Amino acid sequence: MKERIWFIVNPISGGRKKAELPELIAAHLNHDKFAYEIIHTEHKGHAIELAKKAVSVGIDIVCAVGGDGSVHEVGTTLIGSNTQLAIIPLGSGNGLARHMKIPLKIKEALECINSGNIIEMDTLKVNNKPILGFGGYGFDALIAKKFEGSRKRGFTSYVKLVLKEVFKYNPINVSIDANGQVRKLPVFLCTIANTSEFGNGFIVSPKSDATDGKFEVVILKPFSFWNIPAMLFRYFSGRTDHSGLTEVIKTDHATLVLPHSYGQIDGEPISSGKKVQVDVVPRSLRIIVK
């Protein structure tokens, strides 16, 4: 009996690549092994509704076709179910796909699905909200909040926003309670990392492993203008843990106390509250990887 796949497609992500999808699925998916449907989302949150339905009717695999927002909506809905998550990454960042070595080209991503290599990855709960990859409560949270309200989208607009805000951002004071110790310190970034990168090769937590039953609290301390070139090199080369400006706390539970009530999870802005409880949920999502 063939396994059933629903390809849930975000029509906004991917541009011309998205138009090629039906033809590439017809050409490269293993049709002896899989039967499939392609379903387009019609509004924000629609992917969640579709993924819930897929679980209820026993669909074997739900493939998120789009960016990190689509992957978050589908993947968090599948947590705790037998339905597997697959990804065809068509976003600008593709953080989870990059961490899992899922190919960024549609043909190769389909071949990855054909391989059927499944792992059970950890997920996180942040104030009982599910996370796949990461959450942030410093500068990245501010950028996510402002970018959501921006009329211009895309990677170039994101970079322009970062450059506009970075030099006027004041580090925040955060309290971190983890592993029986409480730290209070000023931070530029305070990242909860289950996986390694935000996307686009920007690696925040190079040693994160989404199957080890732990997560990392990654702190970037305040820095001067002159530190920026070396710091960016470390982030894009996966060497942030070699910097004296970075501190990493590995744990399975943490409590953060913040001076504000906003954050971001998997790149999406949220209202976090000033107290944030983070817990790992081991081996809670079945995902197809390379």
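Residues numbered from 1 in each chain as written. Predicted model: local features only at pLDDT ≥ 70, side-chain atom pairs only at ≥ 80, totals over all residues. Heavy atoms only, no water.

Engineer: If you had to explain the nonpolar core to someone new, which residues and values would you point to?
Structural biologist: Counting 46 residues, the largest nonpolar core has Tyr137, Ile176, Ile192, Phe215, Val217 and Leu256 as the members making the most contacts within it. If we ignore the near neighbours within four places in the chain, the residues touching Ile192 are Leu124, Gly133, Phe134, Gly135, Tyr137, Phe215, Glu216, Val217, Leu256 and Val278. (Core = buried A, V, L, I, M, F, W, Y, C linked by side-chain atoms within 4.5 Å. Buried < 20%, exposed > 50% of the residue type's maximum accessible area, 1.4 Å probe, protein only. Contact = heavy atoms within 4.5 Å.)

Engineer: Please set out the pattern of salt bridges residue by residue, giving values where relevant.
Structural biologist: Inspection of every chain in the model, using the stated rule, returns 8 salt bridges. Glu247 serves as the salt-bridge partner of Arg183, at 2.2 Å between the closest nitrogen and oxygen. Highlighted residues: Arg183 in strand S9 (residues 181-187) and Glu247 in strand S14 (residues 246-251), separated in sequence by 64 residues. We classify Glu247 as buried; its relative accessible area is 18%. Measuring nitrogen to oxygen at the nearest pair gives 2.8 Å for the salt bridge that ties Lys250 to Asp212. Note that Lys250 is positioned in strand S14 and Asp212 in the loop between strand S12 (202-203) and strand S13 (215-220), a separation of 38 residues in sequence. Each of Arg183, Lys221 and Glu247 takes part in salt bridges that share partners, so that together they form one network. (Salt bridge = Lys/Arg side-chain N within 4 Å of Asp/Glu carboxyl O. Helix = DSSP H or I, 4+ residues; strand = E, 2+ residues; numbered from the N terminus.)

Engineer: Requested: an account of the pairing of strand S8 (residues 172-178), with residues and values cited.
Structural biologist: Within a regular beta strand, the side chains point alternately toward one face of the sheet and then the other, so they alternate between its two faces. Judged by how many residues are buried, S8 sits mostly within the fold: 5 of 7 residues are covered. The sheet contact formed by S8 and S9 spans 7 bridges and is antiparallel. In the sheet register, Asn173 faces S9, and the bridge partner there is Pro186. Between the antiparallel neighbours S8 and S9 lie 2 residues, among them Asn179 with a positive phi of about 55°. Pairing geometry for S8 and strand S15 (residues 253-257), over 4 bridges, is antiparallel. Looking across to S15, one finds that Asp177 is bridged to Thr255. (Pairing = 2+ DSSP bridges.)

Engineer: Just give me the short version of the packing of helix H2 (residues 21-28) against helix H6 (residues 106-115), but keep the residues and values in it.
Structural biologist: As a packed pair, H2 and H6 sit with axes 10 Å apart at the nearest point and diverge in direction by 45°. Accordingly, the angle class assigned to the pair H2 and H6 is oblique. Where H2 crosses over H6, the handedness of that crossing is right-handed. Across the interface between the two elements, Leu21, Leu24, Ile25 and His28 from H2 touch Ile106, Lys107, Leu110 and Asn114 from H6. For the contact of H2 with H6, the per-class residue count stands at 5 nonpolar, 2 polar and 1 charged. (Axes fitted to C-alpha atoms, helices over the stretch in contact; angles between N-to-C directions. Parallel < 35°, antiparallel > 145°, perpendicular 65-115°, else oblique. Left-handed = near helix turned anticlockwise from the far one by under 90°. Nonpolar A, V, L, I, M, F, W, Y, C, P; charged D, E, K, R; others polar.)

Engineer: Now, about the packing of aromatic side chains: what can you tell me, with residues and values included?
Structural biologist: For the structure on display, the rule yields 11 aromatic pairs. Between Phe139 and Tyr169, the aromatic rings sit 5.2 Å apart at their centres with planes inclined by 70°, giving edge-to-face as the arrangement. In this pair, Phe139 sits in helix H7 (residues 139-148) while Tyr169 sits in the loop between helix H8 (155-166) and S8, placing the two residues 30 residues apart along the sequence. Each member of the pair Phe139 and Tyr169 is classed as buried. Taking 5.9 Å as the distance between ring centres and 40° as the angle between the ring planes, the aromatic pair formed by Phe167 and Phe225 counts as tilted. Highlighted residues: Phe167 in the loop between H8 and S8 and Phe225 in the loop between S13 and helix H9 (228-237), separated in sequence by 58 residues. On the basis of relative accessibility, which here comes to 55%, the residue Phe167 falls in the exposed class. Of the aromatic side chains, those joined through ring pairs into one cluster are Phe134, Phe198, Phe202, Tyr235 and Phe236. One residue, Lys145, lies across the ring of Tyr262, its end atom 4.4 Å from the ring centre. (Phe/Tyr/Trp six-rings, centres within 6.5 Å; stacked < 30°, edge-to-face > 60°. Lys NZ or Arg CZ within 6 Å of the ring centre and 35° of its normal.)

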